[in-house]
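Read off the chains here:
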Amino acid sequence: MGTSTTSEPETVIATRDLTKRFRGGQLAVDRLDLTVPRGSVFGFLGPNGSGKTTTIRMLMGLIEPTSGSTALLGRPMPVEAGRVLPEVGALIEGPALYGFLSGRANLARIDAADPTSEPRTRRARVDTALKRVGLAAAATKKARAYSLGMKQRLGLAAALLKPRSLLVLDEPTNGLDPQGMREIRALIRELAADGTTIFLSSHLLDEIEQVCTHAAVMSQGRLLTQGPVADLAAGARGRLVVTTPDPGEAARVLEVHGVHGITVSGPRVTGHPPAVDPPDLADLNAALVRSGVRVRSFAIEGTSLEEAFVALTGEGFHVSD
Ligand SMILES: Nc1ncnc2c1ncn2[C@@H]1O[C@H](COP(=O)(O)OP(=O)(O)OP(=O)(O)O)[C@@H](O)[C@H]1O
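These remarks concern the structure in this document. Quick caveat, the model's predicted, so the values are computed rather than measured.

What counts, and at which threshold
Residues numbered from 1 in each chain as written. Predicted model: local features only at pLDDT ≥ 70, side-chain atom pairs only at ≥ 80, totals over all residues. Axes fitted to C-alpha atoms, helices over the stretch in contact; angles between N-to-C directions. Helix = DSSP H or I, 4+ residues; strand = E, 2+ residues; numbered from the N terminus. Parallel < 35°, antiparallel > 145°, perpendicular 65-115°, else oblique. Left-handed = near helix turned anticlockwise from the far one by under 90°. Contact = placed C-beta atoms within 7 Å. Nonpolar A, V, L, I, M, F, W, Y, C, P; charged D, E, K, R; others polar. Core = buried A, V, L, I, M, F, W, Y, C linked by C-beta atoms within 7 Å. Buried ≥ 20, exposed ≤ 12 C-beta atoms within 10 Å, placed from the backbone. Pairing = 2+ DSSP bridges.

**Overview of the packing of helix H3 (residues 103-112) against helix H4 (residues 122-132)**
Thinking step 1. At a closest axis distance of 10 Å, the pairing of H3 and H4 adopts a crossing angle of 125°. Looking at the two axes, H3 sits oblique to H4. Of the two possible hands of crossing, H3 and H4 adopt the one that is right-handed. Residue-level contacts link Gly103, Arg104, Leu107, Ala108, Asp111 and Ala112 of H3 to Arg122, Arg125, Val126, Ala129 and Leu130 of H4.
Thinking step 2. Taken together, the residues of the contact of H3 with H4 break down into six nonpolar, one polar and four charged.

Right under this line is the structure:
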C-alpha cells in the first residue's frame, strides 16, 4: 500500500521559513525548515510547548502560517490541499469517536463521510483497516469500551482506510500504558516497512530512538537539528560519570577542567566532557587523582539523542508528562 503519487517526490514534507505567531503575540514556530525524506519514519521531537502541534496543524492546513511555506508530497499547501490531503492520513489530538458505536461502525461512518469512497466496497475497506491495526476481534465492541490504546489504534485504522503515501501522527503514544505504546510502535514499524512515510511527533526521546530513522529536534519553536537518528546520536559526546567518596572536590576539579552541566548525587558526579574531539579523558582522570580525589569509577555513559539534545541546548530534556 502507500505510494500512489505519480511524481514520487523524494521529499514528502518541506517547509521553508514556516512561522506561526499567535494573536496574543506568542511565537510558537519560528522560521522552520523541515525536510522529511520519502520512506523515513521521521520523529518530530521536542518538549511540551516547543511548537510541534502548531507545526503539524500548519502542515495539514488546519491553521494558517503567519509566514513561510509548506509543501506536502511535492505540492504547495494549502493551495493543493484538495489533491494532496487524500494521500495523507493523519491522527491529530486523538481520534474523534462515537462511544456508543462499535469500532466497525465508527470506521464505516468515517469512510462514508469521504465523498470519494465507494459505498459497495466500504465493508471490505473497514475490515481490512481493522485487521491492519489488530482490532478485528474487537470490531463489534462499542468504542467506549475500548482501552486508550485500542482507541488510538482505531484512530490509526481511520487514517488507513485509504492507501496513504504519508501518515502524520501527533503524539501517537501519548497517555498509553507501556503495552499500548509497544503496540502502536510495532504498528508504526509495520506501516513503514510497507513503504509509507511516517511523520510523528513525540516528547519521548527513547521513543524516537526506538522507531525513527530520522528526527528533527525542536526547542521553543525553533529547529535545533534534523537528520538521520544515527548521525544525531553520534554527534553527542556522552556523559561523564565519576563515582567517588569525594564528590564535592571531584565536581570542583572537573569544572576547572571544562566539564559543564555538573550534577552531584551521592557519590555520583556527572557532567558533559569539554568540547574537544575527542575529549582527553585520561587527563581528566589524572587531574582528579592529582587533587586527591579517590576515584572508584570513571566512565562515559550513553551517546544517545538525549545527550545530543543536551549538547545542543545546554539544558536537560525536561518534560512534564
Ligand atoms: N491557539 C493558540 N493561541 C496562543 N498560543 C498558542 C496556541 N496554540 C499553542 N500556543 C502556544 O504555542 C506554543 C507551542 O505550542 P504547541 O502546542 O505547538 O507545542 P507542542 O510542542 O505541540 O507541545 P505539546 O506537546 O504540549 O502540545 C506554546 O507556547 C503554546 O502555549
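Having seen the model, we can carry on.
**Observations regarding the packing of helix H5 (residues 148-159) against helix H6 (residues 178-193)**
Thinking step 1. For the pair H5 and H6, the least separation of the axes is 9 Å and the interaxial angle reads 20°. In terms of their interaxial angle, H5 and H6 are classed as roughly parallel. Seen along the crossing, H5 lies across H6 with a hand that is right-handed. Within the contact between the two elements, H5 uses Leu148, Gly149, Gln152, Arg153 and Leu156 and H6 uses Gly180, Glu183, Ile184 and Leu187.
Thinking step 2. Classifying every residue of the contact of H5 with H6 gives four nonpolar, three polar and two charged.

**As for the nonpolar core**
Thinking step 1. Core analysis: the largest hydrophobic core is formed by 68 residues, its most contacted members being Leu72, Ala157, Val168, Ile188, Ile198, Phe199 and Ala215.
Thinking step 2. The residues touching Leu72, leaving out its near neighbours within four places in the chain, are Val12, Ile13, Leu59, Met77, Val84, Val88 and Leu166.
Thinking step 3. Judged by nonpolar contacts, the second largest core, of eleven residues, contains Leu240, Ala250, Leu254 and Val259.

**Quick word on the sheet that holds strand S12 (residues 239-243)**
Thinking step 1. With antiparallel pairing, the four strands of this open sheet are ordered in space as S13-S14-S12-S15. Since the sheet does not close on itself, it has two edges, and those belong to strand S13 (260-265) and strand S15 (297-301), each with one partner. Shown here is a sheet whose adjacent strand axes are inclined to one another by a mean of 20°, direction ignored.
Thinking step 2. Sheet topology note: the S12/S15 ladder contains five bridges and is antiparallel. Looking at the pairing, Thr243 lines up with Ser297 of S15.

That is the geometry; function is a separate question.
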